[in-house]
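# Architecture and fold: a report
So the chains spell out like this:
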Amino acid sequence: MDTLKNQLKSQIIEALNLEDMQPDDIQNDQPLFGEGLGLDSIDALELIVLLDKQYGIKLSNPKEGKAIFQSIDSMAEYIAAHPTK
């Protein structure tokens, strides 16, 4: 699971062009939106695309996405529980 979390951090940094960040700068339980990492709704769309492209997971319910994108931990748990690739 740690490998998946580190992979997610790298993919998020790349997908969102967070040029000054390193994977170690993101805590696994840190909120991705709001006061945490500070992502916004446009970033949420990029995360949805990332899940689809990298993991074959398609999200159609916005409420589901809100729960999944709470943190790196919640994203990794969802991906592990819904393997498609």
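Please refer to the structure placed before this passage.
Residue indices begin from 1 for each chain and proceed along its sequence in written order. Predicted model: local features are reported for residues with pLDDT of at least 70 only, side-chain atom pairs are reported and counted for 80 or more only, and whole-chain, interface and lining totals are derived from all residues. Side-chain metrics rest on all non-hydrogen atoms present in the structure, leaving aside hydrogens and water.

## Points about helix H4 (residues 72–81)
Exposure classes here rest on a 1.4 Å probe applied to the protein chains alone. A residue is buried below 20% of its type maximum, exposed above 50%, and partly exposed in between. Elements are defined by DSSP. Helices are runs of H or I of four residues or more, strands are runs of E of two residues or more, and each kind is numbered from the N terminus. With seven of 10 residues buried, H4 is to be regarded as a mostly interior element. Buried within H4 are the following residues: Ile72, Asp73, Ser74, Met75, Ala76, Tyr78 and Ile79. The criterion used for residue contact is that any of the two residues' heavy atoms lie within 4.5 Å. On its buried face, H4 is in contact with helix H1 (2–15), helix H2 (41–55) and helix H3 (62–68). Between a side-chain oxygen at the N-terminus of H4 and the backbone nitrogen of Asp73 the separation is 3.3 Å; the capping residue is Ser71. For this analysis, a polar contact is any N or O atom pair within 3.5 Å, provided that within protein one partner can donate a hydrogen and the other can accept it, and provided that sequence-adjacent residues contribute only side-chain to side-chain pairs.

## Thoughts on unusual backbone geometry
In this model, Asn17 sits at a positive phi of 55°, which is unusual for a non-glycine residue. Take Asn17: it is sitting in the loop between H1 and H2. Given a relative accessible area of 57%, Asn17 falls into the exposed group.

## Let's talk about the nonpolar core
Membership of the largest hydrophobic core comes to 22 residues, with the highest contact counts inside it found for Leu8, Leu51, Tyr55 and Met75. Looking at this core, the elements with two or more residues in it are H1, H2 and H4. Nonpolar cores are built from buried Ala, Val, Leu, Ile, Met, Phe, Trp, Tyr and Cys residues. Side-chain atoms within 4.5 Å join them into one set.

## Some details on the environment of Ile48
Structurally, the position occupied by Ile48 is in helix H2. Judged by relative accessible area, Ile48 falls into the partly exposed class, the value being 29%. When near neighbours in sequence (up to four residues on either side) are disregarded, Ile48 contacts Ile57, Leu59 and Phe69.

## What about the packing of H1 against H4?
Pairs of packed helices are described in terms of their axes, by the angle between the two and the distance that separates them. Axes, fitted as lines to C-alpha atoms, cover a helix only where it is in contact. Angles between the N-to-C directions of the axes lie from 0 to 180 degrees. Two elements in contact, H1 and H4, have axes separated by 9 Å at closest approach and are oriented at 115°. With respect to their mutual orientation, H1 and H4 come out roughly perpendicular. For H1 against H4, the interelement crossing comes out right-handed. Across from Leu4, Lys5, Leu8, Lys9 and Ile12 in H1, the residues of H4 making contact are Ile72, Asp73, Met75, Ala76, Ile79 and Ala80. Split into classes, the residues belonging to the contact of H1 with H4 amount to eight nonpolar, no polar and three charged. The labels follow the angle: roughly parallel below 35 degrees, roughly antiparallel above 145, roughly perpendicular from 65 to 115, and oblique for the rest. Take the far helix as the reference: if the near one is turned anticlockwise from it by less than a right angle, the crossing is left-handed, and if turned clockwise, right-handed. When residue character is reported, Ala, Val, Leu, Ile, Met, Phe, Trp, Tyr, Cys and Pro are called nonpolar, Asp, Glu, Lys and Arg charged, and the others, Gly included, polar.

## Examining the side chain of Gln30
Here Gln30 lies in the loop between H1 and H2. What makes Gln30 buried here is its relative accessible area of 19%. Looking at Gln30, its side chain comes within polar contact range of the main-chain nitrogen of Gln27, at 3.1 Å. Those residues in contact with Gln30 that lie beyond four places of it in its chain are Asp25, Gly36, Leu37, Gln70, Ser71 and Ile72.

## A word on H2
An ideal rise of 1.5 Å per residue puts 21 Å on 15 residues; H2 measures up with 21 Å between its terminal C-alpha atoms. Of all the residues in H2, the buried ones are Asp43, Ala44, Leu47, Leu50, Leu51 and Tyr55. Down the axis of H2, the smallest arc covering the buried residues is 110°, so these residues share one side. Away from the buried face of H2 by more than 90 degrees, exposed residues Ser41, Ile42, Leu45 and Lys53 are located. Looking at the packing, one finds that the buried side of H2 touches H1, H3 and H4. Two or three places before Ile42, at the start of H2, stands the capping residue Asp40, its side-chain oxygen 3.1 Å from that residue's backbone nitrogen. One less than the number of residues in a helix, times 1.5 Å, gives the span that helix is expected to have. By arc we mean the arc of the directions from the helix axis to the C-beta atoms, nothing more.

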